[in-house]
Amino acid sequence: MPGGGRSSTVSAHPLIRSLSLAVSRIASLLADRTCRLCGAVLQSTPGPLCGWCVARLYPNTDRYAPVVLENRSRVVVRSSFLHAGSARELVIGLKFRGRRELGRLAADLMTGAGTIPPDAAGCVIVPVPLCRTRLRQRGYNQAEEIGAALARAHGARMSRCLSKEDRPPQTGLSAAMRRSNVRGAFRAGREAVPGGVPILLVDDVVTTGSTLSEAAAFLEAEGGDVAGALTLTYRPEARGYIID
């Protein structure tokens, strides 16, 4: 009789694995039919966003401007959307609600918007780092989540060659205060600054470009070639016309 009990236990294992696989497949099918941002059930062809979230994406019509970095090469920032509507909700979810998976969605939307340069595969993606305190609080760097997804999608390499000193958040500061707040904030990271290859800086949001400018200036001082900067959203200082 004990032997029969063992046989039942062993034979149950394949059944458990089969049930687990079936549940995973069902969950995957359901995920493919829900909006990756708000979770609403998709009524038509499966896609990343529902119609409501797509309608509330406001493209940055001046995609390759107006933010120009104050570094040696004066590169422009390519931002896919205005910091409003669905794009703003994505940033909030990624940064403040622990929705780490939204980094991949941000990368997919940036790619779909045509923001990524065609030669991205030959570049090194460098995400703007968080300071240690904020990284410890959040548990991850939202810019790195976006950067890693972009690197995978476009066959590029990502480098963690930047680190950042603890500084107060930039939110709510004037342009002059932003520049002062990040001046000298960047340091070498876990890897050496890549040389002989174009660098693309990646962040979630750009307002005045102060943070990206300072990061680009540090990379150039270390021998890097900063070819551009990419963000999901652009948040103008004058926000009167932005639809929330």
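Read on for a plain summary of the structure.

Observations regarding the overall build of the protein
Then comes step 1: Across its full length, the protein holds 8 helices and 7 strands.
Then comes step 2: The 244 residues of the protein split such that 43% are buried.
Then comes step 3: Across the protein, the fraction of contacts at a sequence separation of at least 24, relative to all contacts at a separation of at least 6, is 72%.

Section: the sheet that holds strand 2 (residues 124-127)
Then comes step 1: With respect to topology, 5 strands assemble into an open sheet ordered 1-7-6-2-3, the strand pairing being parallel. The strands lining the two open edges of the sheet, one partner per strand, are strand 1 (77-82) and strand 3 (157-158).
Then comes step 2: With 5 bridges connecting them, strand 1 and strand 7 (residues 225-234) associate as parallel partners. Of the residues in strand 7, the one forming a bridge with leucine 82 is tyrosine 234.
Then comes step 3: Against the sheet, helix 4 (residues 102-112) makes contact with strand 1 and strand 7, and its axis sits at roughly 105° relative to strand 7, the strand it touches most.

Observations regarding the side chain of threonine 233
Then comes step 1: In this fold, threonine 233 is placed in strand 7.
Then comes step 2: Only 2.9 Å separates the side chain of threonine 233 from the side chain of histidine 83, close enough to count as a polar contact.
Then comes step 3: Residues within four places of threonine 233 in sequence aside, it is in contact with Ser79, Phe81, Leu82, His83, Ala87, Val91, Asp204, Val205 and Val206.

Here we look at the layout of surface pockets
Then comes step 1: Looking at the second largest pocket, its volume works out to about 380 Å³.
Then comes step 2: If you go around the second largest pocket, you meet 20 residues; those closest to its centre are Pro129, Leu135, Glu144, Leu162 and Arg190.
Then comes step 3: In terms of residues, the lining of the second largest pocket owes the most to one element, strand 4 (residues 162-164), which gives 3 residues.
Then comes step 4: Grouping the amino acids of the lining of the second largest pocket by side-chain chemistry returns 8 nonpolar, 5 polar and 7 charged.

Quick notes on the packing of helix 4 against helix 6 (residues 142-154)
Then comes step 1: Two numbers describe how helix 4 lies on helix 6: the axes approach to 8 Å, and their chain directions differ by 55°. When the axes of helix 4 and helix 6 are compared, the pair comes out oblique. Classified by chirality, the crossing of helix 6 by helix 4 is right-handed. Of the residues in helix 6, those in contact with Gly103, Arg104, Ala106, Ala107, Met110 and Thr111 of helix 4 are Glu145, Ile146, Ala149, Leu150 and His154.
Then comes step 2: Its residues placed into classes, the contact of helix 4 with helix 6 shows 6 nonpolar, 3 polar and 2 charged.

Rules used throughout
- Residues numbered from 1 in each chain as written.
- Predicted model: local features only at pLDDT ≥ 70, side-chain atom pairs only at ≥ 80, totals over all residues.
- Heavy atoms only, no water.
- Helix = DSSP H or I, 4+ residues; strand = E, 2+ residues; numbered from the N terminus.
- Buried < 20%, exposed > 50% of the residue type's maximum accessible area, 1.4 Å probe, protein only.
- Contact = heavy atoms within 4.5 Å.
- Pairing = 2+ DSSP bridges.
- Axes fitted to C-alpha atoms, helices over the stretch in contact; angles between N-to-C directions.
- Polar contact = N/O pair within 3.5 Å; in protein donor to acceptor, adjacent residues only side chain to side chain.
- 1 Å grid on protein atoms, 1.4 Å probe; cavity = no way out; pocket = protein on both sides within 12 Å on 5 of 7 lines; lining within 4 Å.
- Points joined across faces, edges and corners; volume = space filled by probe spheres on them.
- Nonpolar A, V, L, I, M, F, W, Y, C, P; charged D, E, K, R; others polar.
- Parallel < 35°, antiparallel > 145°, perpendicular 65-115°, else oblique.
- Left-handed = near helix turned anticlockwise from the far one by under 90°.

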